[in-house]
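Commentary on secondary and tertiary structure
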Amino acid sequence: GGNYSFPFIDLSYNARSLGLGGDFITGRDQDINMGIENPSLLNSEMNSAIGFNHALLAGGINYGMVNYGYDLSFGTMASYIKYVSYGTMDRTTINGIKEGTFSPIEMVVGSGIGKTINERLSVGANVNFIYSQLETYNAFGASVDFAGTIRDDEKGYLVTALAKHVGVQFDSYVQGGQRSVLPIEFQLAGAYKIPHAPFRFTVLAHHLNTWDLSYTDPNAQPTVDALTGDTIPVPKAGFAEKLGRHFTIQLETIIGKNIHLRTAFDFNRRKELALSTRPGAAGLSFGLGLYFKKFSLDYGFMIYSRAGFNNMITLSTHLSEWRK
């Protein structure tokens, strides 16, 4: 088991975010998916916007999100459904005798609202209801996300803070079982668009509520240097590594109005997932955004390790565009 309940809520549910390291929270434009990632980015340009997101993982696992944005008198709202389907699995006895199949599924149903206070300040919040069904075991919970954003469009900078997954597990998988905590996380990010250049840089600080993100194998044993005979202790993360694990570097290259190229590097993901003998490009992610008159198409590609990748496609549009 892990340390938290409902870990699937930490997945990246849109291709733009996936291509930028998995936690992209500084994209304030007409993209409704960004408004769900960070509710303080919800704005009137997302009115009548709809998004379809889908990813394919190994083992027949599918996950994604469907969302819709709409303007109200007191702000901009978005409603969404996030889902994870684990395919079909065999149900067996303790001796391995097959008794049929089952299809685990987990989902989040939520709504968010964003309010533009003035030309520089905006705030927002999401409310999420979480459900998990794994064979005959069910769990239910709820969470909220809070966010605030300060920006200066003329100078090209944006700073945002996000607290997400603040909530509780109401019902555990086993009746009377202990309730687990949700993966609460605090994030802070700053973005800067270079004047007269197609580059927008973002530095994201994640898991600010947990200082040490490193892991030491409890079964690891000290080794002995064959030449000197000295005992070499089990390596542990130092200050620099612990600090670096909190940062993701993100870059969007804006090639005109129709093409966006994206890349990011997450040091923590590389340290967690890279194979020790062949680290490859673990921790890197890439993306492409194509913007047409009536819709946009985004693709995200995240490298976990040489053992696996994540691919995601997002189709977004504004229904008002199709009524013209």
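Preceding this section is the structure that the text describes.
This is a predicted model, so every value here is computed, not measured.

**Considerations on the overall build of the protein chain**
- A count of helical and extended segments in the protein chain gives five helices and 18 strands.
- In terms of overall dimensions, the protein chain is globule-like: its C-alpha atoms have a radius of gyration of 21 Å, near the 20 Å expected for 324 residues.
- In terms of overall dimensions, the protein chain has a C-alpha envelope of 70 × 55 × 30 Å along the principal axes.
- For the protein chain, restricting intrachain contacts to residue pairs at least 6 apart in sequence, the fraction spanning at least 24 positions comes to 52%.
- With the model as given, the accessible surface of the protein chain reaches about 17,000 Å², and the carbon-plus-sulfur share is 61%.
- Computing the positive centroid from 27 side-chain charges and the negative centroid from 28, the protein chain places the two 6 Å apart.

**Some thoughts on the environment of Met312**
- Mapped onto the secondary structure, Met312 falls in strand β18 (residues 308-318).
- The exposure class assigned to Met312 is buried, which follows from its relative accessible area of 1%.

**Let's talk about the pattern of salt bridges**
- The full count for this structure, using the stated rule, is 14 salt bridges.
- When salt bridges that share partners are traced, they join Arg16, Asp29, Asp31, Arg200, Glu252, Arg262 and Asp298 into one network.

**Brief notes about the side chain of Ser285**
- Among the secondary structure elements, Ser285 is positioned in strand β16 (residues 284-291).
- By relative accessible area, which is 1% here, Ser285 ends up buried.
- Side-chain polar atoms of Ser285 contact the backbone nitrogen of Gly21, separated by 2.9 Å.
- Setting aside residues no more than four positions away along its own chain, Ser285 makes contact with Leu18, Gly19, Leu20, Gly21, Arg262, Thr263, Ala264, Phe301 and Met302.

**Quick notes on the pairing of strand β17 (residues 295-305)**
- Looking at chain direction, β16 and β17 are connected through seven bridges and run antiparallel. Residue pairing for β17: Gly287 is matched across the bridge by Gly300.
- Linking two consecutive strands that pair antiparallel, namely β16 and β17, is a turn of three residues.
- When β17 meets β18, the two strands line up antiparallel, connected through 10 bridges. When the sheet's bridge partners are listed, Ser296 is paired in β18 with Ser316.
- What sits between the antiparallel neighbours β17 and β18 is a turn of two residues.

**Let's talk about the packing of aromatic side chains**
- Evaluation of the coordinates by the stated rule reveals eight aromatic pairs.
- Between the aromatic rings of Tyr13 and Tyr63, the centroid separation amounts to 5.4 Å while the plane-to-plane angle is 85 degrees, which identifies the pairing as edge-to-face. Of the two residues, Tyr13 sits in the segment before α1 (15-19) while Tyr63 sits in strand β2 (residues 62-72), which places them 50 residues apart along the sequence.
- Using a relative accessible area of 2% as the deciding quantity, one classes Tyr13 as buried.

**Things to note about the nonpolar core**
- The biggest cluster of nonpolar side chains holds 23 residues, and the ones touching the most others in it are Phe6, Phe8, Ile9, Tyr63 and Ile130.
- Those elements that place two or more of their residues in this core are α1, α2 (32-37), β1 (49-56), β2 and β3 (75-85).
- Broken down by element, this core gets its largest block of residues, three residues, from β3.
- Aside from chain neighbours lying at most four places away, what touches Phe8 is Tyr13, Val84, Tyr86, Glu106, Met107, Val108, Ile130 and Tyr131.
- Formed by five residues, the second largest nonpolar core is a distinct cluster that contains Ile25, Ala147, Leu162 and Ala189.

**Here's the deal with the environment of Thr149**
- Structurally, the position occupied by Thr149 is in strand β8 (residues 137-152).
- By relative accessible area, Thr149 is classed as buried at 0%.
- Each C-alpha atom, one on Thr149 and one on Asn38, is 9.2 Å from the other, the two residues being 111 residues apart in sequence.
- Dropping the residues within four chain positions of it, Thr149 is found in contact with Asn38, Ser40, Leu41, Arg120, Leu121, Ser122, Leu158, Val159 and Thr160.

**Let's talk about the pairing of strand β15 (residues 259-266)**
- Side-chain alternation along β15 places His260, Arg262, Ala264 and Asp266 on a buried face and Ile259, Leu261, Thr263 and Phe265 on a face that remains uncovered.
- Bridge analysis of strand β14 (residues 247-255) against β15 gives eight bridges, and the strand direction is antiparallel. If you follow Ile249 over to β15, its bridge partner there is Phe265.
- Between the end of β14 and the start of β15, which pair antiparallel, lie three residues, with Gly256 showing a positive phi angle near 70 degrees.
- Two elements, β15 and β16, share seven bridges in a ladder whose sense is antiparallel. Counted as the bridge partner of Arg262 is Gly287 from β16.

Rules and cut-offs
Residues numbered from 1 in each chain as written. Predicted model: local features only at pLDDT ≥ 70, side-chain atom pairs only at ≥ 80, totals over all residues. Heavy atoms only, no water. Helix = DSSP H or I, 4+ residues; strand = E, 2+ residues; numbered from the N terminus. Rg over C-alpha atoms; globule rule 2.2 N^0.38 Å. Contact = heavy atoms within 4.5 Å. Areas by Shrake-Rupley, 256 points an atom, 1.4 Å probe, with all protein chains shown as cover. Lys, Arg positive; Asp, Glu negative; His and termini not counted. Charge placed at Lys NZ, Arg CZ, Asp CG, Glu CD. Buried < 20%, exposed > 50% of the residue type's maximum accessible area, 1.4 Å probe, protein only. Salt bridge = Lys/Arg side-chain N within 4 Å of Asp/Glu carboxyl O. Polar contact = N/O pair within 3.5 Å; in protein donor to acceptor, adjacent residues only side chain to side chain. Pairing = 2+ DSSP bridges. Phe/Tyr/Trp six-rings, centres within 6.5 Å; stacked < 30°, edge-to-face > 60°. Core = buried A, V, L, I, M, F, W, Y, C linked by side-chain atoms within 4.5 Å.

By themselves, these observations are geometric and do not establish any function.
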